[in-house]
Amino acid sequence: MVSVDRTMQVAPGLFAAGHLGELTALVPFELVDAVLADTGCVQRRVRMLPSRVGVYLVLAMVLFPQVGLVGVWSRLVGGLRGVAGVTVPRPSGKALRDLRRRVSVAPMRSLFEHLAGPTSWPGMPGCRYRGLRMVAVDGCSSFKAPDSPRNRAVFRIGRRRSGNDGWPGVQLLALAECGTRALLGATVTALSVGEITAAAALWARLDATMLLLADAAFDADKVMAAVAGRGAQFLIRANSVRKPAVLAVLPDGSFLTRIGDLRLRVIDAHISVTGADGTVVTGRWRLLTSLTDHRTHPAKTLVEVYHQRWEIETCFFGLRHTLTGRTVLRSHDPSGITQEMWALACLWQILATTMTDAAGTRPGFDPDRCSFTVALNTARDSVIRAENIAGPPDPLLGTIATAVLDQPLDPRRPRIAARVLKQPGSRYPKHRPDDPRPATGTPITDIDTHIQPPPRPQTPTPDPALIHALHNQHPAMTQHMINALAILHTTPGTPHSGRAIARALGITGRTALNVFGVALNTAAHRGHITKTAPGTYTITPQQALTPATNP
């Protein structure tokens, strides 16, 4: 018979039984106490279950989603039973629910704010592009709350193609680091809050060392202005209805434009993907970027970089499916749902940090190869065994890190598949007949990217009578008006704001803007352009083909 002696370190105090196994090293007792003190949630009298224990209980609650609070408690303290000097209370389910309410939302949100941030190491593969840290923003609206009256009052019932969803929906909007999938920031809102509105709180997390990747949902002038205001670069997929004016065509087929006060570059990419089964899928991406130098940032390279945006989708899959492991969250009131969501974000960040540190111990090891499932299951085992509460002997190679490195995923390979889910409750149909992508994951054998340059229209020579009239009435605006007609002519039928055209031409100052507006009205009165609304002008296809005659 072999005798094994165990020693462990726990927080001081008669009733301090809370911990998170080996993960306690990243959420130490001192940090939890500081968060509780900052948010004013420290217990005001001696309790069998102090607030610090409540924080660890909530984190363990999302670590073990398939069992009730009493079952979570038994796993949380199972490894502490029989340890000398440690008192293990046996609370009821009601006592544990009351503990959750006393802890409230603020400490969990504050704890996430302390934990959030990039975790990649210098030189780690898949995390940077030309020295810029790649980050992605997106929202996940597939979290479901129990269908209780209180949840319905805050989180509205979601909608899908087939009608209303069965549960109130919760939206998590996150800013994640590509490669490591660590969270830099997050917001928890109802589905009624738009993604752009919810993301406004995240832009403060950006800085001049970052490149933001985003899909067409974030193609808004105020989003690009906010990101640029933080000094960050961005690569955003443009909405199909946007038709930016062509200011200059670059040698790689991209072109320069101006949106608001920003001088941007547009990449119109036509992509053809060939699968191993012979399937050929084509698509078009129009990307807006603040990286305007085509020599340093070739268009095809930026198209490849944009694929990294899908790292945040992998992050949401791990949060929504692997970590929660259930269709609906457990809390029946909005405060509990919000607390649970912040606890999920905290636990994700703790595990992401552990996996990144493990990958960093092997130079050149891609963090994509770290298995989140292996890390999660090993973390659960360490909580049950109360293992390494004070931290492993080697801070970078504990039990979780060793398990992740011993069972790495295969190197990621390019694949393509239709975006569907098989379970009946999915908001995606089983398979759309018109979807050309294969129903199952198929390896890609070839990717062909062609950058489509914009058309180069032959701008008609302005009517000499119009030039003469402009020279007599607004001599300083004559050349500006010729350039304005050229901008309007690049996109016939598309309305343009007179102020936007003025900014593109570098016209500033109230007097100059007023004179330019009068000149536009003169051109509209003579039939060379059309005024569609106050301060908005366009050239119709007929005007673009046939110069107007003077009235």
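In case you missed it, the structure is sitting above this.
Figured I'd write up the structure that's included with this text. (Residues numbered from 1 in each chain as written. Predicted model: local features only at pLDDT ≥ 70, side-chain atom pairs only at ≥ 80, totals over all residues. Heavy atoms only, no water.)

What the rule picks out here adds up to four aromatic pairs. Look at Phe29 and Tyr56: their rings are 5.9 Å apart centre to centre, the planes differ by 75°, and that puts the pair in the edge-to-face class. Of the two residues, Phe29 is situated in helix H1 (residues 29-39) and Tyr56 in helix H2 (residues 51-63); the sequence distance between them amounts to 27 residues. For Phe29, a relative accessible area of 10% translates into the label buried. Look at Tyr56 and you get buried, because its relative accessible area is 0%. Between Phe112 and Trp342 the ring centres are 5.4 Å apart and the planes differ by 45°, which places this aromatic pair in the tilted class. With Phe112 in helix H5 (residues 106-115) and Trp342 in helix H11 (residues 334-360), the pair connects residues that are 230 residues apart, well separated along the chain. Of the two residues, Phe112 and Trp342, both sit in the buried class. The ring of Trp310 is capped by Arg309, whose NZ or CZ atom sits 5.1 Å from the centre of that ring. Looking at Arg362, its charged tip hangs above the ring of Phe365, at a distance of 6.0 Å from the centre. (Phe/Tyr/Trp six-rings, centres within 6.5 Å; stacked < 30°, edge-to-face > 60°. Helix = DSSP H or I, 4+ residues; strand = E, 2+ residues; numbered from the N terminus. Buried < 20%, exposed > 50% of the residue type's maximum accessible area, 1.4 Å probe, protein only. Lys NZ or Arg CZ within 6 Å of the ring centre and 35° of its normal.)

This brings us to unusual backbone geometry. Of note in the backbone geometry, Arg130 takes a positive phi value of approximately 50° without being a glycine. Structurally, Arg130 can be placed in the loop between strand E1 (128-129) and strand E2 (132-144).

Take the sheet that holds strand E16 (residues 536-538) next. Sheet architecture is open: three strands sit in the order E14-E16-E15, paired in antiparallel fashion. The open sheet has two free edges, formed respectively by strand E14 (496-497) and strand E15 (530-533), since each of these has just one partner strand. Contacts from helix H17 (residues 510-525) reach E15 and E16 within the one sheet, and its direction differs from that of E16 by about 45°. (Pairing = 2+ DSSP bridges. Contact = heavy atoms within 4.5 Å. Axes fitted to C-alpha atoms, helices over the stretch in contact; angles between N-to-C directions.)

Across all of its chains, the model carries three cavities of 30 Å³ or more by this definition. Looking at the second largest cavity, its volume works out to about 60 Å³. Lining the second largest cavity, in full, are Met61, Val62, Pro65, Thr324, Arg326, Leu329, Arg330, Glu340 and Leu344. (1 Å grid on protein atoms, 1.4 Å probe; cavity = no way out; pocket = protein on both sides within 12 Å on 5 of 7 lines; lining within 4 Å. Points joined across faces, edges and corners; volume = space filled by probe spheres on them.)

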